[in-house]
Amino acid sequence: MTSSQSQRQRAQDMKNLDSLVLINKPLNPEIHYIGELQTPVIVIDDFTTDLSALQDYANQIDFNLDKGSYYPGVRAKLPRDYVIEVLNQVFQLIYDVYKIPKNLRIKPQATYFSLINRPPESLTTLQRIPHFDTPAPYYFALLQYLNDSTHGATAFFKHQPTGYERITQANMDNYFRAAEPYLQALAPFPAKYFVDSNEYYQQYHQVDYKQHRLVIYPGNLLHSTLVDQQTDIDSNPSSGRLTTNIFINVT
């Protein structure tokens, strides 16, 4: 097979994989009301019936460093059909649970496969604390866990000095001012992932990594992956902490 034939065959294989998005219907969502704010987090177990095509797809594409965020790993573009099908299945649920005005429309912001691969000693200071995606009120992360193996959970935190669980336009400046002393104190110490509570950030909820599970949460919640150094720092899509990440803003 010539190089051009191989490229055409690979493209055809990708096209075929794009159409194999197998959603398990009817959906059985659970709504977890977390923290003092009782913020809804949507958890849908067994969201998909078969992930083999999506996993094969991930194994055939190139992952690259995401230079536009502080994500401690590599990412690759999700197939469009997967994104469309996921949003078609859950958009009404998101509107209902988060009481979003009907005149607002979903606008996808970014769609990735993600793999954590940065060793702890290489982390920047901001990668060593819980984070939020944006202060926008109707910005959501849709996260699906893909591999059938044990990996770190997604955890949610309260900033102890301020009591903030969600960072909004109204409290963001105050949060940054209050968080800065901890960042300065943290900088001289050996870098490591944030996986425990302390006097600055208190974990109050976590969602375990489980194959087929889809999680939906507001991007302004302080959150972090509880990175397991034995299993999660891995660039191989077959064995690493492989997730799909769909970020949407409703405006």
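One structure accompanies this document, and this report is about it. As the structure is a computational prediction, the values presented were derived from the model and not from experiment.

**A short note on the nonpolar core**
Piece 1. Counting residues in hydrophobic clusters, the biggest one holds 53 residues, and the most contacted among them are Phe63, Val90, Ile94, Phe113, Leu142 and Ile246.
Piece 2. One finds Ile167, Tyr175, Tyr182 and Leu222 within the second-largest nonpolar core, a separate group that totals 17 residues.

**Re the sheet that holds strand 10 (residues 201-207)**
Piece 1. Strand order across the open sheet formed by three strands is 10-9-12, with antiparallel pairing between neighbours. Unpaired on one side and paired on the other, strand 10 and strand 12 (223-225) mark the two borders of the sheet. The sheet shows a mean angle of 35° between the axes of neighbouring strands, taken without regard to direction.

**Brief notes about the pairing of strand 6 (residues 73-77)**
Piece 1. A large share of strand 6 lies buried, amounting to four of its five residues.
Piece 2. With five bridges joining them, strand 6 and strand 7 (residues 106-116) adopt antiparallel strand pairing. Counterpart to Val74 in the pairing with strand 7 is Leu115.

**Description of helix 3 (residues 80-97)**
Piece 1. Compared with an ideal rise of 1.5 Å per residue, which puts 18 residues at 26 Å, helix 3 spans 25 Å between its outermost C-alpha atoms and is within 8% of the ideal.
Piece 2. At Val90, helix 3 shows its strongest bend, of approximately 45°.

**Considerations on the packing of aromatic side chains**
Piece 1. Within the structure shown, the criterion is met by 13 aromatic pairs.
Piece 2. Taken together, a centroid distance of 5.4 Å and an interplanar angle of 80° make the contact between Phe157 and Phe194 edge-to-face. Here Phe157, found in strand 9 (residues 154-159), pairs with Phe194, found in the loop between helix 4 (172-186) and strand 10; they are 37 residues apart in sequence, far enough to count as distant.
Piece 3. Taking the relative accessible area as the measure of exposure, Phe194 reaches 7% and is therefore buried.
Piece 4. Judged by centre distance (5.8 Å) and plane angle (80°), the rings of Phe194 and Tyr201 are edge-to-face.
Piece 5. These aromatic residues form a ring-pair network of at least three members: Phe157, Tyr182, Phe194, Tyr200 and Tyr201.
Piece 6. Over the ring of Tyr71 we find Arg75, and its NZ or CZ is 4.1 Å from the ring centre.

**Digging into the sheet that holds strand 6**
Piece 1. In spatial order, the strands read 2-3-11-8-13-7-6-5; together these eight strands make up an open sheet with antiparallel pairing. Each of the sheet's edge strands pairs with one partner strand only, and the pair in question is strand 2 (29-34) and strand 5 (64-65).
Piece 2. In the sheet, strand 8 (residues 139-145) pairs with strand 11 (residues 214-218) via five bridges, with the strands oriented antiparallel. Along strand 11, the bridge assignment pairs Leu142 with Ile216.

Conventions adopted
- Residues numbered from 1 in each chain as written.
- Predicted model: local features only at pLDDT ≥ 70, side-chain atom pairs only at ≥ 80, totals over all residues.
- Heavy atoms only, no water.
- Core = buried A, V, L, I, M, F, W, Y, C linked by side-chain atoms within 4.5 Å.
- Buried < 20%, exposed > 50% of the residue type's maximum accessible area, 1.4 Å probe, protein only.
- Pairing = 2+ DSSP bridges.
- Helix = DSSP H or I, 4+ residues; strand = E, 2+ residues; numbered from the N terminus.
- Axes fitted to C-alpha atoms, helices over the stretch in contact; angles between N-to-C directions.
- Expected span 1.5 Å × (residues − 1).
- Bend = angle between axes of the 7 residues up to and from the residue.
- Phe/Tyr/Trp six-rings, centres within 6.5 Å; stacked < 30°, edge-to-face > 60°.
- Lys NZ or Arg CZ within 6 Å of the ring centre and 35° of its normal.

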